[in-house]
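Fold and geometry: a report
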Amino acid sequence: MAVARFWRENEPRYNLTGAKCGNCGRLYFPPRTVCPVCHRKSIGKMGPFKLQGTGEVITFSVVHDAPSQFELQKPYVIAIIQMDEGIRVTGQVIDCDPAEVNIGMKVQAVIRRLGEEGASGIIYYGYKFMPLTPPAAPRPPE
Amino acid sequence: MEVGIVSYGAYLPRYRIAPQEIGRVWGTDGDAMSRNLLIFSKSVPSPDEDVITISIEAARNMMRRCDVDPCDIGAIYVGSESHPYAVKPTGTVVAEAIGASPNLTVADYEFACKAGTAGIQTCMGLVGSGMIEYGVAIGADTSQGAPGDALEYSASAGGAAYLIGSKNIVARIDRTCSFTTDTPDFWRREGQCYPSHGGRFTGEPAYFKHIMAASQSLMEKMSSKPADYAHAVFHQPNGKFPVRVAKQLGFSEKQIEAGLLTPFIGNTYSGAVPLGLASVLDIAKPGDRIFAVAYGSGAGSDAFDITVTNEILELRRDAAPTVKDLVEHKKFLDYATYAKFRGKIRMKGGAE
Amino acid sequence: MREVAIIGIGDTKFGELWDMSFRQLGIQAGLAAVADANLTSEEIDALYVGNMSAGKYIEQEHIGALIADYSGMARDHIPATRVEAAGASGGLAFRQGYIAVASGMHDIVVVGGAEKMTDVGDVLSGEIQATAADQQWETTFGATFPALHAMIARRHMFKYGTTREQLASVAVKNHKHGSLNPKAQFQKEIKLDAVIKAAPVAEPLGMFDCAPVSDGAAAVVLCPLERARKYTDTPVKVLGSGQASDTLALAHRKSITQFDATSIAARQAFKQAGIAASDVQIAEVHYNFTISEILAIEDLGFFPKGTGGKATQDGLTSLGAKLAVNTSGGLKARGDPMGATGIAQVVELVTQLRGEAGKRQVSGAERALAQNVGGTGATVVVNILGRVN
């Protein structure tokens, strides 16, 4: 029964709530108990920090061999998003054709179903990303 | 105390299917179906969308347009006939996802296609009595029509959310009244995937009788006449019924134009009047008077007399997509993909 | 610290071994290694077993005791330890065994690695593989294991101009090597075009860019170098060993086009061995995806960052070049039974250093390196071996 395991993470998954180190000000997502830079000095000082939900694609893949939870969505796009706050989040890019996704594309977080524990089990919700409209022009190669 | 709409937000899934495509599969004349229902396409949710995600997106769009602290929201009501859970509320997820949890009351409503407007009435009562500062009412559905059934051409998905309060009202709700009877025109039994309906019985004794009665009652109470309203929104199970009921009541086609969405997105059930009203608010000017009447099978009608205030100019309407934006952001599906997305294909459970 | 030698090696064929159970695989490899070392089982002091996910693949945990029992050592009550670091389980088990002998705690240590992957279906197998990534923040959101590597590949292509042909040339080269290895799962050469046109798994990676699902086991026997000649005429010495970790999730790295853990583990191992990357003639690197080999040969210091694709395309890592990479065929051609992989790398290097590699023999090889990766680089183990003259 994984109900509690998922429930525990509802806040970061629904609202992209990460953590800010009260010692150095660095941001983390998902939230961490210890700042990897400040170590012991950060203990007890890691406060919640909500990301705005906008960012850009820094890399992505179009997934064809899908896990069972994503079977109905394949092929789908999974990406690493550089959030405007500077930290990176892994999530699906939805609501567009895979061919429209580019490195540099601006996206915005939305909430969708992530999966479910069978037809009678609990449903999990969390962030995915959709293109910010109108889509920004693809960034030229570095 | 004046009570009204403080903000609003809408959400529509991106996918569409055309009646011709449905007709192609079932051997029905899709063009004729389209003409009869006055529906050119209907919205289809992705496999990862449901009433919870649609409600949250609509509520977040609502919050983006105003500066209300979500902690000041005292109640959330989500009206739908397709809540993802039979037991476990939709509203609690919405509350967490807009930051309104935990000091509020939440409940899910069901009254066929008028559960969303029932939520608006509830919030009006709570705000008006001073029990809460703000209430959120959401109407959303991912309604299903049985494969091949006439409903399959119209049953669609979408929703809208309303923030009801007494301060910074962008649209004052002057009055609401309802007309309710036991009329079995449409139903879905517990555990059934698809609803059943009484065919032509859903027309005169159901939709038309209830909307006419609620509308006439409201205009009588307000001493108003159709010409007093800039816009009118009626429940729209297809494109034809609202046009006909408007005509019978004495409203012009021009008055219902802004709020008539079903021809393009199908019947969003609990989302229908909330989305139509949102579409009107997207373009409304201060002083505009709006007549809105929902209908829910079973059966009942909720009628609203609404006046847009100067505050509408302060609302950040462009901070979230307009209904028109959402209607136009679309991608058409073939029937097979639609069937897959809507869970109409029997799948094997679990990974091996 | 004592110097340590490898005195015995053994392995099974890798592939879809339908008639072999997990324990049969482990025992077959272990007994072969013990026989190769001319040992009697009473001489064994300790057992280490690398295994990633028997709990999920065959619903069996407690693998250390299981292998000790069925290899007939339960009556001797020797300490048996399972080591887990996803795909690096084998390499890490080897390192634990090495540390145990080097420290003087144990004299004769058997290190095995085993995985039985085909007892579950393909979809579930993929989901188990993905538990090496961050289950809570990657997998749950739709990131498969191939997709994470595909994202590394795409960024590498974007940043360094690595081409699809260069990625494919890794598979072509290794399949050629595999064709010379009678123990390889695939002993067939493939054409560049076939790699590029193969069914996509996670774009830009296709079927021939990804290691297969494999059953298999491998084992080695370690002892103090000073006692090695008692058991074998061709002992191989452990010159250096390094291990490093990194963030579990790929997205949280400083860079997603390099594995810092590889560079750091390599630096430790090279320092201990007192050699440089240019002193190595053979490397078995963790080639579970074509992009992984390109990253490995860059991060180990064999080629400058960003040039691994071109180096491969130019044949600089093929048999016959100054540095031969994945002479066994590597994970894609040799097979990749997770927990066994790191040990199989060592078995290949010892075979080469002994001069027993047949058609794929690298002549005059003196020093060899194994790089074993867990997840998307969250654990990396580098072991360097050398001939004893």
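Residues numbered from 1 in each chain as written. Chains lettered and ligands numbered in written order. Predicted model: local features only at pLDDT ≥ 70, side-chain atom pairs only at ≥ 80, totals over all residues. Heavy atoms only, no water.

For the rest of this paragraph, the subject is the interface of chain C and chain A. Facing 29 residues of chain C, the contacting portion of chain A comprises 36 residues. Summed over both sides, the interface between chain C and chain A buries roughly 2,900 Å², with carbon and sulfur atoms accounting for 60% of that surface. Per-residue buried area on chain C facing chain A is highest for W137, F141 and F158 of chain C; these three make up 26% of the total on that side. For the pair chain C and chain A, the number of links is 0 salt bridges. At the junction of chain C and chain A, the tally comes to 13 residue pairs in polar contact (both at pLDDT 80 or more). Where the side of chain C that touches chain A is concerned, the elements lending two or more residues are α5 (122-129), α6 (145-160) and β5 (200-203) of chain C. For the side of chain C that touches chain A, the element with the most residues is α6 of chain C, which contributes 7 residues. When the residues that make up the side of chain C that touches chain A are grouped by side-chain class, the tally is 14 nonpolar, 7 polar and 8 charged. Of the pairings in the sheet, the one linking strand β4 (residues 54-63) of chain A to β5 of chain C comprises 2 bridges and is antiparallel in character. Paired with V63 of chain A across the strands is A202 of chain C, a residue of β5 of chain C. (Contact = heavy atoms within 4.5 Å. Buried area = accessible area lost by both parts, 1.4 Å probe. Salt bridge = Lys/Arg side-chain N within 4 Å of Asp/Glu carboxyl O. Polar contact = N/O pair within 3.5 Å; in protein donor to acceptor, adjacent residues only side chain to side chain. Helix = DSSP H or I, 4+ residues; strand = E, 2+ residues; numbered from the N terminus. Nonpolar A, V, L, I, M, F, W, Y, C, P; charged D, E, K, R; others polar. Pairing = 2+ DSSP bridges.)

What follows deals with the sheet that holds strand β3 (residues 46-50) of chain A. Residues and elements named next belong to chain A. Taking strand neighbours across the sheet as the criterion, the 3 strands line up as β2-β1-β3 in an open arrangement whose pairing is antiparallel. Strand pairing shows two members of the sheet lacking a second neighbour, β2 (27-28) and β3, which therefore form its edges. Across 5 bridges, the pairing between strand β1 (residues 17-21) and β3 is antiparallel. When the sheet's bridge partners are listed, K20 is paired in β3 with G47.

Let's shift gears to the side chain of Q255 of chain B. All names here are of chain B. Relative to the assigned elements, Q255 resides in helix α8 (residues 253-257). Residue Q255 is classed as buried on the basis of its relative accessible area of 10%. If we skip the residues at most four places from it in the chain, Q255 touches P226, A227, Y229, A230, H231, A232 and G250. (Buried < 20%, exposed > 50% of the residue type's maximum accessible area, 1.4 Å probe, protein only.)

Here we take up helix α3 (residues 51-64) of chain B. Residues and elements named next belong to chain B. For α3, which comprises 14 residues, the first-to-last C-alpha distance of 20 Å matches the rise-based estimate of 20 Å (1.5 Å per residue) to within 8%. Most of α3 sits inside the fold, with 13 of its 14 residues counted as buried. For α3, the N-terminal cap is D50; the gap from its side-chain oxygen to the backbone nitrogen of I52 is 2.9 Å. (Expected span 1.5 Å × (residues − 1).)

Residues and elements named next belong to chain B. Relative to the helices and strands, K344 resides in the segment after α12 (335-341). There is a polar contact of 3.0 Å between the side chain of K344 and the backbone oxygen of G145. When residues no more than four places from it in sequence are discounted, the contact partners of K344 are Q144, G145, P147, E152, Y194, Y335, Y338 and A339.

Residues and elements named next belong to chain B. For the structure on display, the rule yields 24 aromatic pairs over all chains. A centroid spacing of 6.4 Å and a plane angle of 25° characterise the contact between Y8 and Y162, whose relative ring orientation is stacked. One end of the pair, Y8, is in strand β1 (residues 4-11); the other, Y162, is in strand β7 (residues 157-165), with 154 residues separating them in the sequence. Ring plane angle 45° and centroid distance 6.2 Å describe the contact between F40 and F264, whose orientation is recorded as tilted. One end of the pair, F40, is in the loop between α2 (30-37) and β3 (42-44); the other, F264, is in helix α9 (residues 262-265), and 224 residues separate them in sequence. (Phe/Tyr/Trp six-rings, centres within 6.5 Å; stacked < 30°, edge-to-face > 60°.)

Another aspect to go through is unusual backbone geometry. With the exception of glycine, the majority of residues adopt a negative phi angle, and the majority of peptide bonds are in the trans configuration. For the peptide bond that leads from K74 of chain A to P75 of chain A, omega is -5°, which places it in the cis range. Of note, P75 of chain A is situated in the loop between β4 and β5 (76-83). Omega for the bond connecting E203 of chain C with P204 of chain C falls within 30 degrees of zero, at 10°, which places this linkage in the cis form. Along the chain, the position of P204 of chain C falls in the loop between β5 and β6 (205-206). Positive phi outside glycine occurs at D95 of chain A, with the angle close to 65°. Under the relative-accessibility criterion, D95 of chain A is labelled buried at 9%. In this structure, H77 of chain C is a non-glycine residue whose phi angle is positive, near 55°.

Once that is clear, we can look at the interface of chain A and chain B. Each partner contributes to the interface: chain A provides 22 residues, whereas chain B provides 26 residues. Of the roughly 2,100 Å² buried between chain A and chain B, counting both surfaces, carbon and sulfur atoms make up 51%. Taken together, the links from chain A to chain B amount to 5 salt bridges. Along the contact surface separating chain A from chain B lie 13 residue pairs in polar contact (both at pLDDT 80 or more). For the side of chain A that touches chain B, the secondary-structure elements that each account for two or more residues are α2 (10-15), β7 (106-116) and β8 (123-131) of chain A. By residue number, the principal contributor to the side of chain A that touches chain B is β7 of chain A, which donates 5 residues.

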